[in-house]
Amino acid sequence: MALGSYNKIFGGTSAEQSYDLVAVRGGDPATMFDKAILSLGGIKSYVKPNQTVVIKPNIGWDGPPERGANTNPALVARIVEHCLTAGAKTVYVFDHTINEWTRTYSNSGIEKAAKDAGAKIVAGNSESYYHQVTIRNGRKLKSDKVHELILESDVFINVPILKTHGGSILTISMKNLMGTNWDRQWWHGNDLHQCIADYASEIKPTLNVVDAYRVMKRNGPRGVSLSDVVEMKSLIISEDIVAADAAAAKLIGKEPEQIGHIRIASEMGVGKSDLTGLSINRITI
Amino acid sequence: MKQAHLKKIRVVVALVFFLSLVFIFLDFRKLLPEFFYDSITFLQFIPSFLKFITVFSITYLGFIIILVLTVLFGRIYCSAICPLGILQDIILWFKKKIKKKFRYKFSRPLDYLRYPFLALPVITFLAGTVFFIGLLDPFSNFGRIISNLLQPLYIGLNNAGAWILEKVRIYFLYPEEISYAVPVTFIFTVFILVLITWMSLKRGRLYCNTICPVGTLLGLLARISLFRIQIIDNRCTRCGQCSFACKSTCISIKDLTVDFSRCVGCYNCISICPEDAIKYLNPGKQNAANPELDKGRRKVIASIGLLFTGIFGLRKSLSAQDVPQNKQPTEIEPEKHFAVTPPGSLGIGHYTSTCTACHLCVSACPTQVLQPSFLEYGITGLMQPHMDYETNYCNEECVICSEVCPSGAILSLSAEAKKTVQIGQVCLILENCVVYTDHTACGSCSEHCPTQAVRMVPFMGNLTIPEIRPEICVGCGACEHACPTRPFRAIYVDGHYIHQVAKKPEEEELEQPAIEEDFPF
C-alpha cells in the first residue's frame, strides 16, 4: 500500500516520472493507458490510499462508443481499476451531459464499464450539485458553479476524447472541463475561448488523459455518423492541461496556436503550449 | 362460483389496474418496459378505440373486448378497469371509513344530462375534432390528474430524498426538474378533480352516470346485457341493504328493479344481501316471452352499429382532406407558422384529431420537451402536448412517447426511422447570432445538432458561424434550445403541418491514418 510514498522518499525508481507528457500509439485504450501511466511511475504517484478520486470523461452525447463522441468506456474502466488498486477509497465518475443524462450514461457504455470496474456513477444533471467558485485570474469568467465532487475529491482525473468542434475548433482537455460547471450557455454567449481558458486557470485536474483511439475528424463534437470517425489508436497523458491539448491538436493536424483557448491559456500561464521544451516520452506499441 | 366473491375479485383487479396506471403516470425514470405500458392501457376504452381506428390493428382491440364484456355482464369496465372510476371508489371508501352509517338512496337517472354529454363528443368527433372526447374521456382525465397534480409532488419527494442522501454523498437518487403544467391545464385538471370528488361524495357514481360519455355509452349496451343483476322477488325481504350500498343509486326497492344502464358493477349489492336475493341472472331465459325487451335490444344494437359505421366512414374522408396544407419549404420567415408535434404523430392534422391529452407522453418524456399546450394548436387543441423547445429538445435516440401513447396520436416509430422524420425545419436569423454581433466563438447550435443541418463555416479569422441545411434537419429543436442569445434566439424550428422526410446527411469516407507514422511532435 505504501509503496508509492516510499518511492517518493527514496526517489530511486522515479527516474521515469520526470516526463512532462507521455504519448502512446498503436494499442487498445486500456493497454495504452497501462504503458503511459507506468512511465509516469504508476497511478500511485497520483492516488494515495484512502483518497477519493473523481474521473470526468466526456459523456456528452447519447450514442454508442463507435461514434467517437464520448470517451472510450474501456479507457474509463481501466483508469478506475488503477485507482482502486492504488487504494482509493471511492472512485466517482460523472459528467454534466448535453443529451438527456440517463440515456447518455447508459448508451455511451460508460455507466456499465465504470460500474463493473468498481466506480460510483454520479449524476451531473442538477444545479444543486454545483457550488459557486471564484475564478481568481478570470478575464471574462469571474465566477462559476462547479460540481461538488470536483471541489471535494482528493484527485481529479480529466479524461477527454479528442474531437473537432464547430465552435471551439477542437475539444480536448480544457474544453472537457465544460461539464464540471453548471451554466455552459453563458460561456457560449460571452467569448467561448476566453471562458475555457479562464476556467482552466482555476479548476486544475491532477492528471489529463486524452483518448485519441477513435477520433472524430469532422462534424464534431457530436458527429453525424460512423464515417466522421477515424481510428487513430493514440493516447496522451500529462499533468499540464495546455501541453496535453497542444499535443492532441498536433495529432489531429492542427497547430495549437490556431486554437483560441490553447493560445490564451498558454499566455495566461495555465500551462505550456510550446512542446519543444518539454520532456516527452513517445511509446509505439 | 358463489357470486358473493365477485366483489373481492373486482377489488383486486381494480387495484392492479389503478396502481399500475398511477405508476406509469408518475414514473419519470421509465423503469418499466414498453410492453407493460401497452398491456396496462390495452383495455382503456377511448385510447384503444382511437388507436384502433388509426392503425386498424387487432393489437388494439381492447375496446371491442370492453364492448363484448358489457354485452355479457354490464359495465364491468367502470369499476374494475377505469382508473377514474376506481379513483372515485377510493374516495368513497375513505368516506365510508369516516361516516360509517352513510347510506345511498335510490335516484332517477339524469337523462337530460347524460345523453347530451354522450352526444357532444360523438357529434364533434364526427365533425373532425377529438377535443370533447379529450375533455371527457375518463382515462385522459385520470392521466392529467396524476401527471399534472401528483407527479410534481412525487418528483418533489424524490428530490427531497436525493437532497438528503447527497449530503452524505450517496447518489442513488437524483433530483429531477419539476415542470408545472400551463395554467389552463392546471385549472381544468383541478376543476375535474374537485368535480368528481364533490359529485362522488354527494351521490356516489353520479359523475359516471351523468357526465362520463364512456359510462353512458356502455350503459346503453348494458340495457341489452345477457346477464344482468336482478332482484329475485320471492327471496327478497325488502330490507333495503342493497339499495343503501349501491354507489350508482340505481336499485329501487319500491319497484324491485335495478337500472342496469347505471350499474357500474361494484357488486356491493350482491355481497351485502343476506338472502342471496340479488345477483346476476340471465334475463333472456327468465323473460323469454318478453317481446318488448327483444325489440329494445335490436334497436340498441342497430343504432350502435350505425354509429360505428358512421365513425369509420367519416374519419376516412376527413383524413383525405388534410393533405395539401403544408407550407413551402422555401417560405422561411423569422416567425413560427406551426407548433411542432412529436415524431410519429404524422403532423398536426392527425395528431390533434387523435390525441385526448391524457399526458402519458408528458409524464414519460425523459427530456420533458413534451409540454401541454395552451393555444399552440388553437382552442380545440387545448392541453394536447407540443414540443416546447424553451424547456428542452427531442433526444435523437429516444422514441419513448411513441411507445407509450395509448391513443395512436403518436404512432410507434423505431429509433432508426425517427432519424429521417422531419417534424419541422430549422430557420436562422444571422443578425441575432453572437458570432455575428460580438465576433466571439460559439457553435452551440451546431454542437447540439444531430445531423449537422446546422454546421459551422469559416467567418472572420479563426471564427466560425452557423450555416443551415434545412433539407437534412429533423426539427429536434436542439439548436433552438442551445442558442444563447436573448430575448430572441438566432436559430429556431418552425413546425410542419404534415411531417416530411429529412434527407440523410451525405457521408464521405475519411482516410484512415497509418499508425506507423511518427508522432507529429
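Residues numbered from 1 in each chain as written. Chains lettered and ligands numbered in written order. Predicted model: local features only at pLDDT ≥ 70, side-chain atom pairs only at ≥ 80, totals over all residues. Heavy atoms only, no water.

### Side note on the overall build of chain A
- What chain A contains, in helices and strands, is 11 helices and 12 strands.
- In terms of C-alpha radius of gyration, chain A reaches 17 Å, essentially the compact-globule figure of 19 Å for 285 residues.
- Along the first, second and third principal axes, the C-alpha set of chain A runs to 50 × 40 × 40 Å.
- Looking at chain A residue by residue over its 285 residues, the buried ones come to 66%.
- Pairs at least 24 apart in sequence give 73% of the contacts found in chain A among residues at least 6 apart.
- Here chain A displays about 9500 Å² of accessible surface, and carbon together with sulfur accounts for 48% of that area.
- Here chain A contributes 32 positively and 30 negatively charged side chains, and the mean placements of these two sets differ by 2 Å. (Helix = DSSP H or I, 4+ residues; strand = E, 2+ residues; numbered from the N terminus. Rg over C-alpha atoms; globule rule 2.2 N^0.38 Å. Buried < 20%, exposed > 50% of the residue type's maximum accessible area, 1.4 Å probe, protein only. Contact = heavy atoms within 4.5 Å. Areas by Shrake-Rupley, 256 points an atom, 1.4 Å probe, with all protein chains shown as cover. Lys, Arg positive; Asp, Glu negative; His and termini not counted. Charge placed at Lys NZ, Arg CZ, Asp CG, Glu CD.)

### Focus on the side chain of Ser39(A)
- Position of Ser39(A) relative to the elements: it lies in the loop between helix H2 (29–38) and strand S2 (52–57).
- Under the relative-accessibility criterion, Ser39(A) is labelled buried at 8%.

### Here's the deal with the pattern of salt bridges
Residues and elements named next belong to chain B.
- Tallied over the entire structure, the rule returns 30 salt bridges over all chains.
- For Arg 455, the salt bridge goes to Glu 467, with nearest N and O atoms at 3.1 Å. Taken together, the positions of Arg 455 in strand S8 (residues 454–458) and Glu 467 in strand S9 (residues 464–468) put the pair 12 residues apart, joining distant regions of the chain.
- Classification of Glu 467 by relative accessible area gives partly exposed; the value is 31%.
- Among the ionic contacts, a cluster of salt bridges with common partners joins Arg 10, Asp 89, Arg 205 and Lys 247. (Salt bridge = Lys/Arg side-chain N within 4 Å of Asp/Glu carboxyl O.)

### Quick look at the interface of chain B and chain A
- The interface of chain B with chain A comprises 50 residues on the first partner and 60 residues on the second.
- Roughly 4600 Å² of surface becomes buried between chain B and chain A when both sides are summed, with 53% attributable to carbon and sulfur atoms.
- Put simply, chain B and chain A have 4 salt bridges between them.
- With its nearest N and O atoms 3.5 Å apart, the salt bridge here joins Arg169(B) to Glu148(A).
- At the boundary of chain B and chain A, one finds 20 residue pairs in polar contact (both at pLDDT 80 or more).
- Looking at the side of chain B that touches chain A, the element that brings in the most residues is helix H22 (residues 444–448) of chain B, giving 3 residues.
- Residue composition of the side of chain B that touches chain A, grouped by class: 24 nonpolar, 12 polar and 14 charged. (Buried area = accessible area lost by both parts, 1.4 Å probe. Polar contact = N/O pair within 3.5 Å; in protein donor to acceptor, adjacent residues only side chain to side chain. Nonpolar A, V, L, I, M, F, W, Y, C, P; charged D, E, K, R; others polar.)

### Here's the deal with the packing of aromatic side chains
All names here are of chain B.
- Under the counting rule described, the total for this entry stands at 28 aromatic pairs over all chains.
- Centre to centre, the rings of Phe 260 and Tyr 280 are 6.5 Å apart; their planes meet at 85°, and the pair counts as edge-to-face. Within this pair, whereas Phe 260 is found in the loop between strand S3 (257–258) and helix H14 (268–272), its partner Tyr 280 is found in strand S4 (residues 278–281), the two being separated by 20 residues in sequence.
- Assessed through its relative accessible area of 5%, Phe 260 is described here as buried.
- An aromatic cluster is present here, built from Phe 45, Phe 49, Phe 52, Phe 63, Tyr 77 and Phe 125 joined pairwise through their rings.
- For the cation-ring pair, Arg 29 lies above Phe 172, with the distance from its terminal atom to the ring centre recorded as 6.0 Å. (Phe/Tyr/Trp six-rings, centres within 6.5 Å; stacked < 30°, edge-to-face > 60°. Lys NZ or Arg CZ within 6 Å of the ring centre and 35° of its normal.)

### Quick word on the packing of helix H10 (residues 241–251) of chain A against helix H11 (residues 260–267) of chain A
Residues and elements named next belong to chain A.
- Following both chains from N to C, one finds H10 and H11 inclined at 145°, their axes separated by 10 Å at the closest point. The chirality of how H10 crosses H11 is left-handed. Across the interface between the two elements, Val 242, Asp 245, Ala 246 and Ala 249 of H10 pack against Ile 262, Ala 265 and Ser 266 of H11.
- Class assignment for the residues of the contact of H10 with H11 results in 5 nonpolar, 1 polar and 1 charged. (Axes fitted to C-alpha atoms, helices over the stretch in contact; angles between N-to-C directions. Left-handed = near helix turned anticlockwise from the far one by under 90°.)

### A word on the pairing of strand S11 (residues 229–238) of chain A
Residue and element names in this part refer to chain A.
- Counting buried residues in S11 gives 8 out of 10 residues, a clear majority hidden from the surface.
- As judged from the 5 bridges shared by strand S1 (residues 21–25) and S11, these two strands associate in the antiparallel manner. Across the sheet, residue Arg 25 finds its bridge partner in S11, namely Ser 234.
- Relative to S11, strand S10 (residues 207–216) is paired through 8 bridges, and the arrangement is antiparallel. Directly across from Asn 208, in S11, lies its bridge partner Ser 238. (Pairing = 2+ DSSP bridges.)

### Describing the environment of Glu397(B)
- Within the fold, Glu397(B) resides in the loop between strand S6 (385–387) and helix H19 (400–404).
- In sequence terms Glu397(B) and Ala415(B) are 18 residues apart; their C-alpha atoms lie 5.6 Å from each other.
- Ignoring sequence-local partners within four residues, the contact set of Glu397(B) consists of Asp62(A), Arg103(A), Ala415(B) and Lys419(B).

### Re the layout of surface pockets
- Quantified by volume, the largest pocket comes out at close to 970 Å³.
- In terms of lining, the largest pocket is formed by 33 residues, of which the most central are His96(A), Trp182(A), Thr391(B), Asn392(B) and His481(B).
- Residues belonging to the lining of the largest pocket are distributed by class as follows: 8 nonpolar, 16 polar and 9 charged.
- No fewer than three residues from each of domain 1 (5–306) and domain 2 (348–501) of chain B sit in the lining of the largest pocket. (1 Å grid on protein atoms, 1.4 Å probe; cavity = no way out; pocket = protein on both sides within 12 Å on 5 of 7 lines; lining within 4 Å. Points joined across faces, edges and corners; volume = space filled by probe spheres on them. Domains from an automatic or database assignment.)

### Re the confidence of the model for chain B
Residue and element names in this part refer to chain B.
- When pLDDT is averaged along chain B, the result is 88; 89% of the residues meet or exceed 70.
- Note that pLDDT drops below 50 for residues 287–291; the model gives that stretch 1 contact with residues more than four away or on any other chain.
- The ipTM value of the predicted complex is 0.82, and its pTM value is 0.83. (pLDDT = per-residue confidence, 0-100.)

### Notes on the pairing of strand S10 (residues 491–501) of chain B
All names here are of chain B.
- Burial of S10 is extensive: 8 of the 11 residues sit out of reach of the surface.
- Taken together, the 7 bridges between strand S7 (residues 421–428) and S10 define a ladder with antiparallel strand orientation. Residue pairing for S10: Gly 424 is matched across the bridge by Gly 495.

### Some details on helix H10 (residues 183–203) of chain B
Residues and elements named next belong to chain B.
- With 21 residues, H10 should cover 30 Å at 1.5 Å per step; its first-to-last C-alpha distance of 30 Å lies within 8% of that length.
- Within the span of H10, buried status applies to Thr 185, Phe 188, Thr 189, Ile 192, Leu 195, Ile 196, Met 199 and Ser 200. The arc enclosing the buried residues of H10, seen along the axis, measures out at 125°, which places them on a common side. Opposite its buried face, H10 presents the exposed residues Pro 183, Ile 187, Val 194, Trp 198 and Lys 202, each directed more than 90 degrees away.
- For H10, the secondary structure elements touched by its buried residues are helix H6 (83–98), helix H8 (131–136), helix H9 (138–167), helix H11 (206–210) and strand S5 (370–372).
- Backbone geometry just after H10 places Gly 204 at a positive phi near 60°. (Expected span 1.5 Å × (residues − 1). Arc of directions from axis to C-beta.)

### Some remarks on a nonpolar patch on the surface
- A surface patch of nonpolar side chains, about 240 Å² in accessible area, is lined by Val11(B), Leu15(B) and Leu19(B).
- As for its position among the elements, Leu15(B) is in helix H1 (residues 6–26). (Patch = residues over 30% accessible without salt bridge, like charges linked within 9 Å, V, L, I, M, F, W, Y side chains within 5 Å.)

### With respect to the domain arrangement of chain B
Residue and element names in this part refer to chain B.
- Each assigned domain of chain B is listed here: domain 1 (5–306) and domain 2 (348–501).
- In this assembly, 40 residues from domain 1 lie in contact with 31 residues from domain 2.
- Both faces considered, domain 1 and domain 2 share a buried interface measuring about 2700 Å² in area, 61% of it formed by carbon and sulfur atoms.
- Put simply, domain 1 and domain 2 have 1 salt bridge between them.
- Where domain 1 meets domain 2, there are 12 residue pairs in polar contact (both at pLDDT 80 or more).
- Among the residues making up the side of domain 1 that touches domain 2, the classes are represented as 18 nonpolar, 13 polar and 9 charged.

### Things to note about the confidence of the model for chain A
- When pLDDT is averaged across chain A, the result is 93; 94% of the residues are at 70 or more.
- Across residues 1–17 of chain A the pLDDT falls below 50, and counting only partners more than four positions away or on other chains, this stretch makes 17 contacts in the model.

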